[in-house]
Amino acid sequence: MTDKNKTTNILMVGVGGQGIILASDIVSAAALHAGFDAKKSEIHGMSQRGGSVFSHIRFGKHIYSPVIPNHQADILLSLELMETLRWVQYAGPDTQCIVSQEMILPAMVEEYPTGLEDEIKKLSQKTVFVDPKELIKKIGDKKYINVAFCGMLAKYIDLPEASWKQSIEEHVPRGTFEANWTAFGIGKTD
Amino acid sequence: MKKILLSGNEAVARGAFEAGVAVGAGYPGTPSTEILENLTKYPGIYTEWSVNEKIAYEVGIGACLAGARTLVTMKHVGLNVAADPLFTSSYIGVKAGLVIVNADDPDMHSSQNEQDNRNYARSAKVPMLEPADSDETRRFTVRAFELSEKYDTPVILRTTTRISHSMSVVTPDSEAAQSPSLEKVRALKPEGFSRDIKKYVMIPAFARERHKVVEKRMEKLTADADSFDINIIEINDTRFGIITSGINYMYVKEAFPDASVLKLGMIWPLPWKKIDEFSKKVGRIFIVEELDAFFEIEIKARGYTVTGKDIFPVTGEFSPDVVRETISAAMGEPLETKEYYASPKLPPRPPALCPGCPHRTVFKILNEMGLTVTGDIGCYTLGVLPPWSAMDTCVEMGGSIGLAQGIEIAGGETAIKKTVAVIGDSTFAHSGISNLVNAAYNGRKGLYIVLDNNTTAMTGMQPNPFSGERITLEASVAVDYELLGRAVGMKKDQVKIVDAYKPKDIEDAIREMLDKDSLSLLVIKGPCVIWKRKRKKKE
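Keep in mind that this is a model prediction, so the values were computed, not measured. (Residues numbered from 1 in each chain as written. Chains lettered and ligands numbered in written order. Predicted model: local features only at pLDDT ≥ 70, side-chain atom pairs only at ≥ 80, totals over all residues. Heavy atoms only, no water.)

S.K.: What should I look at first to understand the packing of helix H17 (residues 360–368) of chain B against helix H21 (residues 503–515) of chain B in this one?
M.R.: Helix-helix packing is characterised by the crossing angle of the two axes and by the distance between the axes. Residues and elements named next belong to chain B. Look at H17 against H21: their axes get within 10 Å of each other, and the N-to-C directions meet at 45°. With respect to H21, the element H17 is oriented oblique. Remark: the crossing between H17 and H21 carries right-handed chirality. Contact residues: H17 offers Thr361, Val362, Ile365 and Leu366, while H21 offers Pro503, Ile506, Glu507 and Ile510. A per-class count over the contact of H17 with H21 returns six nonpolar, one polar and one charged. (Axes fitted to C-alpha atoms, helices over the stretch in contact; angles between N-to-C directions. Helix = DSSP H or I, 4+ residues; strand = E, 2+ residues; numbered from the N terminus. Parallel < 35°, antiparallel > 145°, perpendicular 65-115°, else oblique. Left-handed = near helix turned anticlockwise from the far one by under 90°. Contact = heavy atoms within 4.5 Å. Nonpolar A, V, L, I, M, F, W, Y, C, P; charged D, E, K, R; others polar.)

Listed below in structure tokens is the structure:
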């Protein structure tokens, strides 16, 4: 089990519209259900219009700042390749990175930058790249991809399965729990 | 009751419900919008999106004088609009509690300035509370109503974006939760307005007396503040002490868990005996406050030597790292700078007008026509960025039409033909209509364009007086642009409504109306695509 006295810091990043907020709601509520103090911080507003989006999630025995201190992210989950590198101030060499190879061109940019995967490997040795197309194939529907990413995250933070289950049930649309729970399981074993 | 995760905004709504609030009014504005949206979900509470913040505040004064505990919500710049009623409502006080939630936006995540609204508490002479997490937000909301009634004053609850939009653990008051028709609410059943002209009619003779009452009230509050349990002294390591409030308290505790701290829950008026007591127990005093040197100036004026804005920035948000690095350096123990990975330069990813937004076309046309565009507040402000690059000014809500008038007056005929104002439907209702009246009244000849997307989109799809729905989504009047034009003396051909999906019609209408030697109002209608999608899901 995760050490009850240790604070766990998770940074989720991506692009407006990718569903970062829902995914981070699921993770923070799962931590709460497991008996931790939990906080989450993000910014709504301008960022919704296709801009960069981030969500800080922190849980442990007692959490003060909702914002992760620099270089202390335990996990960086990025739903878009380039966005991973926009938030390096929070990451360090020990940060576990889970990075989707999804590439979304920002407005007014013609060419997606190259060599980013090598850069991300320089950021942290512990990086897992995920091909979103492969993942969607496995879970059957792209609607559930963020819950599958929560499953991948679950590999590294070890909250009880019941907490995840309860949280997912609370957050996904009625009638989609089974499909989401399956996607979570696939993410966790992938 | 079991613990739940709530955002600061959800926690305000929860607290207001627990306090037995009967009326909630406000105008949308990031980061305050979700307060009223959440309050609407509780039973037995009347809520409304008012046309603007001034009106919301006025509704609040009336409702509280008629005996209903009332919550008024707005973002920081909204209080500028409502500043007129604020200052005099300080004189007339309340009957049932009146609490104004005002959300500041340090770092301007979604705002045009980062003014520090703590200054309003001092200048309007009203108490202000500032919570540090969601559960405090819930409790402070209840407390604000109690203080409002006890001291006969409106109370401002100040949040910042990091409080409004962060989630933390809340333990709701189960007693309040069990029954929506709880006794507290019944006990507060509005008894109606009763006449009290010396208190409610602020002619100079009465207002002079009320000003004295206000000064006495603030003296009493200042004295009582020392015993308020929301002003907390924590004595630990006494090498230095930190005076702080709100989210900065959390940054301080993250950075220096063992530091001595005076945490101010009521940030105006200040608890002087507590500050005196704290200063005797610690060595060097640091003031940790985002934006203005608000505490610092007051505390220095009392004769203390403190360290604040000489080492901390006046702009932007703080963080645990800002606090840790700045204080460590000032204490002569600078942190080691470790070499971390530096990322390559990435192309920026600013927010943009949504793909599929029907109003993108308008900016393309305005750009191609090379017009000067006075802009306004909302999604369409994004028209300033490439590829549209079709906006030249943006100041405040409703300002586009006023600025265009000034440009016309100073620039004359040539300016009229080259200048248009662009404003959204909600913003037009907020304060654009009075600008249109001003233009008609003073003989202006400019072209004003309303981009009507049938919602208040930037803040997350709130209905407005042009969309024909209220906050509860029940049907309402939709203000008629043509009749509005008629009412200010505009002829039929001076007001045009065109479809946002017909670029040729838009371009023709702009050319035709610019050529005309008279005031024109062009309404371009195309519902927001996100609003349409959300509405479909609901149905």
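S.K.: Honestly, the pattern of salt bridges in this entry has me stumped. Any pointers?
M.R.: Oppositely charged side chains can form a pair if their charged atoms are brought close together. All names here are of chain B. Under the criterion given, the structure shown has 47 salt bridges over all chains. In this structure, the salt-bridge partner of Lys220 is Asp224, at a minimum N-O distance of 2.8 Å. Taken together, the positions of Lys220 and Asp224, both in helix H12 (residues 204–225) and four residues apart, correspond to about one turn of that helix. For Arg511, the salt bridge goes to Glu507, with nearest N and O atoms at 2.9 Å. Pair noted here: Arg511 and Glu507 are both in helix H21, with a separation of four residues, about one helical turn. Judged by its relative accessible area of 42%, Arg511 falls in the partly exposed class. (Salt bridge = Lys/Arg side-chain N within 4 Å of Asp/Glu carboxyl O. Buried < 20%, exposed > 50% of the residue type's maximum accessible area, 1.4 Å probe, protein only.)

S.K.: Looking at this structure, how should I read the interface of chain B and chain A?
M.R.: Interface size is commonly expressed as the accessible area that is lost once the parts come together. If you look at the interface, chain B gives 42 residues, while chain A gives 47 residues. It is Tyr341, Leu346 and Arg349 of chain B that lose the most area in chain B upon contact with chain A, and together they represent 21% of the buried surface on that side. On inspection of chain B and its partner chain A, the count reaches three salt bridges. Glu254 of chain B is the salt-bridge partner of Arg58 of chain A, the closest N and O atoms lying 2.8 Å from each other. If you look at where chain B meets chain A, you find 13 residue pairs in polar contact (both at pLDDT 80 or more). Only strand S1 (4–7), helix H8 (161–164), strand S8 (166–170), helix H13 (247–255) and helix H16 (320–330) of chain B provide two or more residues apiece to the side of chain B that touches chain A. (Buried area = accessible area lost by both parts, 1.4 Å probe. Polar contact = N/O pair within 3.5 Å; in protein donor to acceptor, adjacent residues only side chain to side chain.)

S.K.: Explain the sheet that holds S1 of chain B to me, please; I cannot follow it from the model alone.
M.R.: Strand pairing in a sheet is mediated by backbone hydrogen bonds. Such pairs are either parallel or antiparallel. Spatially, eight strands are ordered S6(A)-S5(A)-S4(A)-S1(A)-S3(A)-S2(A)-S8(B)-S1(B) in an open sheet, and the strand pairing comes out mixed. Where the open sheet ends on each side, the last strands, each with one partner, are strand S6 (127–130) of chain A together with S1 of chain B. On average, each strand axis in the sheet is inclined to that of its neighbour by 15°, with strand direction left out of account. Direction of pairing for strand S1 (residues 8–15) of chain A relative to strand S4 (residues 75–78) of chain A: parallel, over a ladder of four bridges. Among the inter-strand pairings, Leu11 of chain A is bridged to a residue of S4 of chain A, identified as Leu76 of chain A. (Pairing = 2+ DSSP bridges.)

S.K.: Got a minute to help me understand the side chain of Thr427 of chain B in this structure?
M.R.: Residues and elements named next belong to chain B. Structurally, Thr427 is set in helix H19 (residues 425–441). Taking relative accessible area as the criterion, Thr427 reaches 4% and is therefore assigned buried. A polar atom in the side chain of Thr427 sits 3.1 Å from the backbone oxygen of Ile377. When sequence neighbours within four positions are dropped, the list of residues in contact with Thr427 reads Tyr27, Asp376, Ile377, Tyr380, Met397, Gly398 and Gly432.

S.K.: Is there a simple way to explain the pairing of strand S10 (residues 237–245) of chain B in this structure?
M.R.: Put simply, side chains in a regular strand alternate between the two faces of the sheet. Residue and element names in this part refer to chain B. Here S10 pairs with strand S11 (residues 259–264) via six bridges, running parallel. Bridging from a neighbouring strand, Ser245 pairs with Leu264 of S11. Each parallel crossover has a hand, and for S10 linked through H13 to S11 it is right-handed. Pairing of S10 with strand S13 (residues 284–288), which is carried by five bridges, proceeds in the parallel orientation. Following the sheet pairing, Gly241 is matched in S13 by Ile285. (Right-handed = clockwise from strand over helix to strand, strands pointing away.)

S.K.: Explanation requested: the domain arrangement of chain B in the structure shown.
M.R.: Along its sequence, chain B is organised into domain 1 (4–225), domain 2 (232–335) and domain 3 (359–538). Between the C-alpha centres of domain 2 of chain B and domain 3 of chain B there is a distance of 47 Å. (Domains from an automatic or database assignment.)

S.K.: In this structure, what is going on with the sheet that holds strand S17 (residues 495–499) of chain B? I would like to understand it.
M.R.: All names here are of chain B. The sheet built from five strands is open, its strands ordered S14-S15-S16-S18-S17 with parallel pairing. Two strands close off the open sheet at either side, each with one partner strand: strand S14 (372–374) and S17. Across the sheet, the axes of successive neighbouring strands diverge by a mean angle of 25°, strand direction being ignored. As defined by bridge partners, S14 adjoins strand S15 (residues 419–424) across three bridges and the pair is classed as parallel. What sits directly across from Thr372, in S15, is Thr419. Along the sheet face, helix H18 (residues 399–418) touches S14, S15 and strand S16 (447–452) and points at about 160° away from the line of S15.

S.K.: Is there a simple way to explain the environment of Cys394 of chain B in this structure?
M.R.: Residues and elements named next belong to chain B. Along the polypeptide, Cys394 turns up in the loop between S14 and H18. On the accessibility criterion, Cys394 (32% relative accessible area) is partly exposed. When the C-alpha atoms of Cys394 and Gly375 are compared, they prove to be 4.9 Å apart, with 19 residues separating the residues in sequence. Each residue touching Cys394, except ones within four places of it in the same chain, is listed here: Gly375, Asp376, Ile377 and Thr381.

S.K.: Looking at this structure, how should I read the packing of helix H1 (residues 20–33) of chain A against helix H6 (residues 161–171) of chain A?
M.R.: All names here are of chain A. In the contact formed by H1 and H6, the axes pass within 8 Å of each other and the chain directions differ by 135°. What the angle tells us is that H1 and H6 run oblique. Where H1 crosses over H6, the handedness of that crossing is right-handed. Between H1 and H6, the residues in contact are Leu22, Asp25, Ile26, Val27, Ala29, Ala30 and His33 and Ser163, Trp164, Gln166, Ser167, Ile168, Glu170 and His171, respectively. Partitioned by chemical class, the residues of the contact of H1 with H6 number seven nonpolar, five polar and two charged.

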